[in-house]
Amino acid sequence: ALNKTKDAYKTSVTDVENWLAKAEAKLKSYDDLLSGGAKPMQVYQDKLEELKTFTGEREKGQALLNKAVETGEALFSGITPDNRETIRTELRKLRDASESLIDKANALHKRVEGIMMQRSSFEDSYSQVSKWVAEAEAKIGSKMELKATLQEKKVAMHGYRTLSQDVNTHKN
């Protein structure tokens, strides 16, 4: 019975290690993608959805870890104190690796959301500036017309001053 429990423990530990390795590789691929420069907004939205799905998959990893803990603790009554400590250490490493993975996933999630917010803010600002430039160009017209009377010249000059103030306001 002890050998059967040892085999079950080894299998459950291997399952957790395999799951952790796959999950780590998946997070690494997300991190690599985010490090590669700007992407279309849809890519970030897709990654955010994948990270949410990954969060759901973490429950599977937690179940595997719980099984490893249960089978490891089931061995305690039939093994020496040194072997118990070895198992505790092994389980602690697995638990730490699992917590580290959760932290990485959460950090990536926040990073993707931050990038999306920056991008959205940038696009809003760009849109406002583009609209303002188009309005300013419409006020200026394609060419300056020479005015015949002093009154027309004063009106045109006033319009140009107003436009100049508007430009100076938008510089910052």
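Predicted, not measured: the structure shown is a model, and the values here were computed from it.

(A) Just the packing of helix α3 (residues 81-140) against helix α4 (residues 150-171), in detail. The geometry of α3 relative to α4 is characterised by a closest axis approach of 11 Å and an angle of 160° between their N-to-C directions. In terms of their interaxial angle, α3 and α4 are classed as roughly antiparallel. With respect to the hand of their crossing, α3 and α4 are arranged in left-handed fashion. Within the contact between the two elements, α3 uses Trp132, Ala136, Lys139 and Ile140 and α4 uses Leu163, Asp166, Val167 and His170. Across the contact of α3 with α4, the residue classes break down as five nonpolar, one polar and two charged.

(B) Here's a closer look at the nonpolar core. Core analysis: the biggest nonpolar cluster contains 29 residues, and Leu27, Ile87, Leu91, Leu94, Leu101 and Val112 have the highest contact counts within it. Elements that contribute at least two residues to this core include exactly α1 (2-35), α2 (41-75) and α3. With near-sequence residues (within four places) excluded, isoleucine 87 lies in contact with Tyr9, Gly72, Leu75, Phe76 and Ile79.

(C) Highlighting the pattern of salt bridges. For the structure shown, the criterion picks out nine salt bridges. The partner of glutamate 49 in a salt bridge is lysine 52, and the shortest N-O contact between them spans 3.8 Å. Within this pair, glutamate 49 and its partner lysine 52 are both found in helix α2, separated by three residues, close to a single helical turn. Given a relative accessible area of 47%, glutamate 49 falls into the partly exposed group.

(D) Quick look at the confidence of the model for the protein. Per-residue confidence for the protein gives a mean pLDDT of 87; residues scoring 70 or more make up 98%. Within the protein, α4 has the poorest average pLDDT of any element, 84, and α1 the best, 90.

(E) Geometry of the packing of α1 against α3. Packing of α1 against α3 brings their axes to within 10 Å, and their N-to-C directions diverge by 25°. As judged from the angle between their axes, α1 and α3 are roughly parallel. α1 and α3 meet at a crossing whose hand is left-handed. Looking at the contact of α1 with α3 residue by residue, the class counts come to 18 nonpolar, two polar and six charged.

(F) Broad picture of the packing of aromatic side chains. Applying the stated criterion to the full structure yields one aromatic pair. Between phenylalanine 122 and tyrosine 126 the ring centres are 6.4 Å apart and the planes differ by 25°, which places this aromatic pair in the stacked class. Taken together, the residues phenylalanine 122 and tyrosine 126, both in helix α3 and four residues apart, mark about one turn of the helix. Exposure remark for tyrosine 126: the relative accessible area of 54% places this residue in the exposed category.

(G) Quick peek at α3. Under the 1.5 Å per step criterion, the end-to-end length of α3 is 87 Å for 60 residues, consistent within 8% with the ideal 88 Å. The positive-phi residue at the C-terminal boundary of α3 is glycine 141, with phi of around 85°.

(H) Local environment of α4. With 22 residues, α4 should cover 32 Å at 1.5 Å per step; its first-to-last C-alpha distance of 31 Å lies within 8% of that length. Lining the buried residues of α4 we find α3.

(I) Highlighting the environment of lysine 28. With respect to the helices, strands and loops of the structure, lysine 28 is situated in helix α1. On the accessibility criterion, lysine 28 (47% relative accessible area) is partly exposed. Linking lysine 28 and lysine 104, residues 76 residues apart in sequence, is a C-alpha distance of 9.4 Å.

(J) Representation of the side chain of aspartate 166 in the model. Tracing the chain through its elements places aspartate 166 in helix α4. Separated by 2.8 Å, the side chains of aspartate 166 and tryptophan 132 make a polar contact. Residues in contact with aspartate 166, not counting those within four places in the same chain, are Trp132 and Lys139.

The rules behind the values
- Residues numbered from 1 in each chain as written.
- Predicted model: local features only at pLDDT ≥ 70, side-chain atom pairs only at ≥ 80, totals over all residues.
- Heavy atoms only, no water.
- Axes fitted to C-alpha atoms, helices over the stretch in contact; angles between N-to-C directions.
- Helix = DSSP H or I, 4+ residues; strand = E, 2+ residues; numbered from the N terminus.
- Parallel < 35°, antiparallel > 145°, perpendicular 65-115°, else oblique.
- Left-handed = near helix turned anticlockwise from the far one by under 90°.
- Contact = heavy atoms within 4.5 Å.
- Nonpolar A, V, L, I, M, F, W, Y, C, P; charged D, E, K, R; others polar.
- Core = buried A, V, L, I, M, F, W, Y, C linked by side-chain atoms within 4.5 Å.
- Buried < 20%, exposed > 50% of the residue type's maximum accessible area, 1.4 Å probe, protein only.
- Salt bridge = Lys/Arg side-chain N within 4 Å of Asp/Glu carboxyl O.
- pLDDT = per-residue confidence, 0-100.
- Phe/Tyr/Trp six-rings, centres within 6.5 Å; stacked < 30°, edge-to-face > 60°.
- Expected span 1.5 Å × (residues − 1).
- Polar contact = N/O pair within 3.5 Å; in protein donor to acceptor, adjacent residues only side chain to side chain.

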